[in-house]
Amino acid sequence: MEIKKIMVIGSGQMGNGIAQVSAQAGYEVILNDMKEEFAEKGLANIIKNLSRDVDKGRKSEEEKQTILDRITLSTDKQDAKDCQLIIEAAVENFEIKKSIFKELNGIVGEDVILATNTSSLPITDLAAVVSKPQRFIGMHFMNPVPVMKLVEIIRGVETSDEVYQVIEDLSREMTKDPVEVNDSYGFVSNRVLMPMINEAAFTLYESVATPEAIDQVMELGMNHPMGPLKLADLIGLDTCLSIMNVLYEGFNDPKYRPCPLLKKYVAAGRLGKKSGQGFYKYD
C-alpha cells in the first residue's frame with residue numbers, strides 16, 4: 001500500500017507536530033479538528049516551528065513554504081475519503097477516541113489504515129469498533145514530535161503484518177526510529193515513565209524534598225536530561241493523571257495509584273506549562 005495523503009485528527013500539541021513531520025516527509029496532510037480556530041492554532045504552531053528552523057539555518061524559506069503548502073485545514077471528517085492513512089491525536093480519553101473511529105469507519109474504505117497516537121489505551125479495545133481491525137495500529141509519537149526520534153508502533157491482536165510494515169516504513173520516512181511493541185496498558189514508554197513521575201509527585205507530597213531538589217537529584221545523579229516534575233509539566237499534568245488512571249484501572253494494581261497531589265493540581269487547573277503553573281510556575 002502506498003501512502004500519499006494523511007489526515008491527522010486533533011491539532012493540539014501532538015497533532016500539529018505529527019502533521020508537521022508528515023508534511024516534511026513529503027506527504028499531503030489534512031489537519032482536522034472540531035473547530036476552525038483550533039486547526040488554525042495548530043497551523044500557527046507549525047509555522048512558528050518552521051520559522052525557528054529558518055532562523056537557525058536548518059531550513060530555507062523556500063523549504064518552509066513547500067512544507068506549509070502540503071498542509072490543509074479541515075473541520076469535516078468526510079475529507080478523509082481520499083486519504084490512505086488516518087492518525088488520530090485527540091485527547092487521551094477512550095470514549096472520545098472510540099467515537100472518532102466509529103465515525104471514520106463509516107467514511108473511509110476498508111483498505112485505509114487507522115492509527116491512534118494514544119499514549120496508554122489498549123489498541124485492541126479501540127480496534128474493536130471498526131469493521132476491519134487488521135488495519136488498526138498504534139503509532140505513539142513522543143513530545144515534542146518534530147524533535148523526538150522515537151515512535152512506538154503498537155500491534156493490536158488483529159493488526160496485520162502488512163499494516164505494521166507500512167507504518168514502520170512511514171516512520172522511517174519521517175526520520176523517526178520505530179520500535180515494535182505489543183499491546184499493553186501504557187505500552188513500554190509510559191508504563192516505565194509515568195510511575196516514576198508519579199513517585200516523584202509522592203516524594204513532593206510527603207515533603208521529602210522541594211520540586212527543584214527532586215529534579216536535581218534525577219538530572220545530576222541519574223543523568224536524566226530533565227527531572228520528572230519538569231517533564232510532567234511539559235507533558236501536562238492532566239495527561240499524566242489520565243495515563244496513571246489507565247494503568248491503575250487496567251492492571252488493577254495499587255502500585256499505579258495516582259498521587260493525591262497530582263489529582264489535586266489537575267482539579268485546580270494547574271496542568272503544567274500549558275496553563276502557566278504545575279509543579280512550577282511559568283511566565
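Residues numbered from 1 in each chain as written. Predicted model: local features only at pLDDT ≥ 70, side-chain atom pairs only at ≥ 80, totals over all residues. Heavy atoms only, no water.

Attention now goes to the domain arrangement of the protein chain. Split by domain assignment, the protein chain resolves into domain 1 (5–182) and domain 2 (190–274). Computed from C-alpha atoms alone, the centre-to-centre distance between domain 1 and domain 2 is 27 Å. Domain 1 puts seven residues into the contact, and the matching count from domain 2 is six residues. For the pair domain 1 and domain 2, the summed buried surface comes to about 540 Å²; carbon and sulfur atoms form 55% of the total. On the domain 1 side of the interface with domain 2, the three residues burying the most area are Glu92, Ser119 and Ser120, jointly 54% of the side's total. Counting across the domain 1 and domain 2 interface gives zero salt bridges. In this assembly, domain 1 and domain 2 are joined by one residue pair in polar contact (both at pLDDT 80 or more). (Domains from an automatic or database assignment. Contact = heavy atoms within 4.5 Å. Buried area = accessible area lost by both parts, 1.4 Å probe. Salt bridge = Lys/Arg side-chain N within 4 Å of Asp/Glu carboxyl O. Polar contact = N/O pair within 3.5 Å; in protein donor to acceptor, adjacent residues only side chain to side chain.)

Residues given the UniProt feature "domain: 3-hydroxyacyl-CoA dehydrogenase C-terminal" (unreviewed entry) here are residues 186–282. Overall, residues 186–282 shows 61% helix and 0% strand. The separation of its end C-alpha atoms is 28 Å. (UniProt positions renumbered as here; feature names shortened; annotations may be inferred. Helix = DSSP H or I, 4+ residues; strand = E, 2+ residues; numbered from the N terminus.)

Another point: the sheet that holds strand β3 (residues 71–74). Spatially, the eight strands line up as an open sheet ordered β3-β2-β1-β4-β5-β6-β7-β8, and their pairing is mixed. Strands with a single pairing partner mark the edges of an open sheet, and in this sheet they are β3 and β8 (177–182). Looking at each pair of strands side by side, their axes are set apart by 25° on average, direction ignored. Sheet topology note: the strand β6 (residues 136–141)/strand β7 (residues 150–155) ladder contains five bridges and is antiparallel. Looking at β7, one finds that isoleucine 137 is bridged to arginine 155. (Pairing = 2+ DSSP bridges. Axes fitted to C-alpha atoms, helices over the stretch in contact; angles between N-to-C directions.)

For the structure shown, the criterion picks out five aromatic pairs. Arranged with centres 6.3 Å apart and planes meeting at 70°, the rings of phenylalanine 202 and tyrosine 205 form a pair that is edge-to-face. Within this pair, phenylalanine 202 and its partner tyrosine 205 are both found in helix α7 (residues 189–205), separated by three residues, close to a single helical turn. On the basis of relative accessibility, which here comes to 10%, the residue phenylalanine 202 falls in the buried class. Accessibility expressed as a relative area gives 41% for tyrosine 205, which makes it partly exposed. Arranged with centres 5.5 Å apart and planes meeting at 55°, the rings of tyrosine 265 and phenylalanine 279 form a pair that is tilted. Here tyrosine 265 is found in helix α11 (residues 260–267), whereas its partner phenylalanine 279 is found in the segment after α11, with 14 residues between them in sequence. For the pair formed by tyrosine 265 and phenylalanine 279, the shared burial category is buried. Every member of this aromatic cluster is reached through a ring pair, and the members are Tyr185, Phe251 and Tyr256. (Phe/Tyr/Trp six-rings, centres within 6.5 Å; stacked < 30°, edge-to-face > 60°. Buried < 20%, exposed > 50% of the residue type's maximum accessible area, 1.4 Å probe, protein only.)

What follows deals with the pattern of salt bridges. With the rule as written, the count across this model stands at 12 salt bridges. Across the salt bridge formed by aspartate 53 and arginine 58, the nearest N and O atoms sit 2.8 Å from each other. Here aspartate 53 falls in the buried class, since its relative accessible area comes to 10%. Linking lysine 64 and glutamate 61 is a salt bridge whose minimum nitrogen-to-oxygen distance equals 3.6 Å. Note that lysine 64 and glutamate 61 are positioned in helix α3 (residues 61–69) at a spacing of three residues, about one turn of the helix. The network of salt bridges with shared partners includes Asp53, Arg58 and Lys59.

This brings us to the UniProt feature "binding site: NAD(+)" (unreviewed entry) in the protein chain. UniProt records the feature "binding site: NAD(+)" (unreviewed entry) at Gly10, Ser11, Gly12, Gln13, Met14, Gly15, Asp33, Glu92, Lys97, Ser119, Asn143 and Lys274, using the numbering of this structure. Summarising the element assignment, glycine 15 is placed in helix α1 (residues 13–24). Exposure remark for glycine 15: the relative accessible area of 1% places this residue in the buried category. Once residues lying within four places of it in the same chain are set aside, the contact partners of lysine 274 are Gly236, Asp238 and Thr239. There is a polar contact of 2.9 Å between the side chain of lysine 274 and the side chain of aspartate 238.

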